[in-house]
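# Tertiary structure, described
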Amino acid sequence: MPETLNVGLLGCGGMAKALAKALGRVPRARISRVCDVVEDAARTAGVEFTVPWGTSPEEVLADPAVGAVIVATPNFTHADLVGQAAQAGKHIFCEKPMALTVADCDRMIAVTRSAGVHLCIGHVLRYLPVFDHMKRLIDGGIIGEPFAVRVSRLGGWGERAAWRQRRDLSGGPLFEINAHEIDYMRYILGEPVSVYASGTQAVVKQADFEDTIFLTVRYAGGGHGVLHSSIGAARGGYTGEIQGTEGTISFTNWPSRIDWKRFDGTAGSVQDAELHVPDPHERELAHLVEAALDGVAPPIGGADGRAAVAVAEAAGRSMQTGEVVRLG
Ligand SMILES: NC(=O)c1ccc[n+]([C@@H]2O[C@H](COP(=O)([O-])OP(=O)(O)OC[C@H]3O[C@@H](n4cnc5c(N)ncnc54)[C@H](O)[C@@H]3O)[C@@H](O)[C@H]2O)c1
């Protein structure tokens with residue numbers, strides 16, 4: 001096994017560059033070449049990271065020195081690029097959402113399995129300070145058995161790339177934004193079994209999807225999760241609660257703060273400055289390096305990416321039909 005993992009960057013937009021910078025701080029890995037279908041974006045990134053650049057993903061995938069790739073391109077391209085990368089024998093870090101359909105996720109899982117390469121999915125929210133700390137508190141038993149999660153993530157709609165304004169290219173908010181919260185609720189409550197969602201397009205008329213969505217998910221263990229998602233809110237906010245059999249955690253992510261209280265009367269709070277966690281992107285990319293160089297299965301893989309897509313896809317069907325959608 002090589003000492004250093006050479007990583008090809010597919011896509012050189014905002015997220016790709018943030019990941020490339022983070023990878024620069026991860027031991028045993030380096031960006032070795034970059035590509036973007038837009039020449040300017042590729043050249044700029046190539047100059048910034050002082051590596052060869054180009055406009056063809058195929059060129060990156062054909063390079064035998066490249067051991068892994070980061071797929072940080074628009075959502076509708078993930079499935080094909082992951083498939084091509086796997087067939088070229090590269091380990092893969094793919095940004096969320098994994099894909100836009102469960103069928104594509106299944107194909108991605110199958111192709112990576114048969115190629116014998118690891119697939120990591122970028123559900124980085126798990127590693128953000130508030131969310132990471134809440135999981136640690138829950139694992140430590142502070143609220144007993146969690147059974148209900150409510151998340152409210154509200155924001156506005158500024159300048160967005162064209163692909164983000166189209167459902168067929170981005171999936172809409174539940175894929176593009178809330179894949180994170182959908183993944184986190186599953187992280188806390190387990191496997192989802194049914195989904196109900198309703199939404200409206202009240203404010204953001206330039207996109208072709210709902211700007212405000214209420215999503216309810218039921219979990220196999222009997223838990224319930226509710227998400228209020230909006231990109232059409234004049235006052236933003238990111239708050240929620242996790243209820244357990246012995247206590248409740250409340251949180252806000254902007255700014256970071258956690259408050260908890262138990263039925264036995266004990267209570268506590270944790271604030272921004274006390275929340276020390278490793279850099280979330282370094283942490284998720286370290287999993288790629290460990291997978292590629294050490295053969296360690298990534299903790300957030302294809303099954304996790306697929307589960308989030310399954311909920312988002314079912315929510316779309318529920319919004320169309322007005323019915324509860326059961327997950328297979
Ligand atoms: N984890 C997070 O918190 C987070 C945050 C932002 C974005 N993302 C995800 O990262 C991905 C990229 O988002 P972004 O904000 O960087 O988008 P962006 O529009 O800024 O950049 C995407 C880039 O990909 C390029 N591209 C398009 N098709 C390509 C192809 N086939 N091959 C190579 N390059 C191609 C585009 O030209 C563009 O430069 C999306 O999947 C998005 O959901 C994740």
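Our subject is the structure listed above.
Just so it is clear, the model here is predicted, and its values are computed rather than measured.

Turning next to the sheet that holds strand β14 (residues 267-271). Here 9 strands make up an open sheet; going across it, the order is β14-β13-β12-β11-β7-β10-β9-β8-β15 and the pairing mixed. Of all the strands in the sheet, the pair left with one neighbour each is β14 and β15 (325-326). Pairing of strand β13 (residues 256-262) with β14 involves 5 bridges; the strand directions are antiparallel. Bridging across to β14, Asp 259 finds its partner in Ser 269. Each of β7 (146-154), β8 (192-200), β9 (212-219), β10 (224-230) and β11 (237-244) is contacted by helix α9 (residues 179-189), which is oriented at about 165° to β7, the strand it contacts most. Helix α11 (residues 302-321) contacts β8, β9 and β15 of the sheet and is inclined by roughly 50° relative to β8.

Okay, the packing of aromatic side chains next. Scanning the entire structure with this criterion turns up 6 aromatic pairs. Judged by centre distance (6.1 Å) and plane angle (80°), the ring pair of Trp 157 and Phe 209 falls under edge-to-face. A residue pair is termed long-range when its members are at least 10 positions apart, and Trp 157 in the loop between β7 and α7 (167-170) and Phe 209 in the loop between β8 and β9 qualify at 52 residues. Considered together, Trp 157 and Phe 209 belong to a single accessibility category, that of buried residues. With a centroid separation of 4.9 Å and 75° between ring planes, the pair formed by Tyr 238 and Trp 254 is classed as edge-to-face. A residue pair is termed long-range when its members are at least 10 positions apart, and Tyr 238 in strand β11 and Trp 254 in the loop between β12 (247-253) and β13 qualify at 16 residues. The class of Trp 254 is partly exposed, set by a relative accessible area of 48%. The rings of Phe 131, Tyr 184, Tyr 187, Tyr 238, Phe 251 and Trp 254 are connected pair by pair, giving a single aromatic cluster. Above the ring of Tyr 187, the side-chain terminus of Lys 135 is found at 4.7 Å from the ring centroid.

Analysis parameters
Along each chain, residue indices are assigned from 1 in the same order as the chain's sequence is written. Reporting in this predicted model follows two pLDDT cut-offs: at least 70 for local features of residues, and 80 or more for side-chain atom pairs to be given and counted; totals over whole chains, interfaces and linings ignore these cut-offs and use all residues. Hydrogens and water are ignored here; the side-chain numbers use all heavy atoms of the structure. Whether two strands pair comes down to DSSP finding at least two bridges between them. For helices the rule is a DSSP run of H or I covering at least 4 residues; for strands it is a run of E covering at least 2, with both sets numbered from the N terminus onward. Working rule for contacts: check all heavy atoms of both residues, and any pair within 4.5 Å makes them a contact. Structural elements are reduced to axes, namely lines fitted to C-alpha atoms, with helices fitted over the stretch in contact, and the angle between N-to-C directions of any two is expressed from 0 to 180 degrees. Only Phe, Tyr and Trp rings are paired, with Trp represented by its six-membered ring, and only when their centres lie within 6.5 Å; those with planes under 30 degrees apart are stacked, over 60 edge-to-face, the remainder tilted. In this scheme, a residue with accessible area under 20% of its type's maximum is buried, one over 50% is exposed, and one in between is partly exposed, where area comes from a 1.4 Å probe on protein chains only. In this analysis the charged atom, NZ for Lys or CZ for Arg, is taken to sit over a ring once it is within 6 Å of the ring centre and within 35 degrees of the ring normal.

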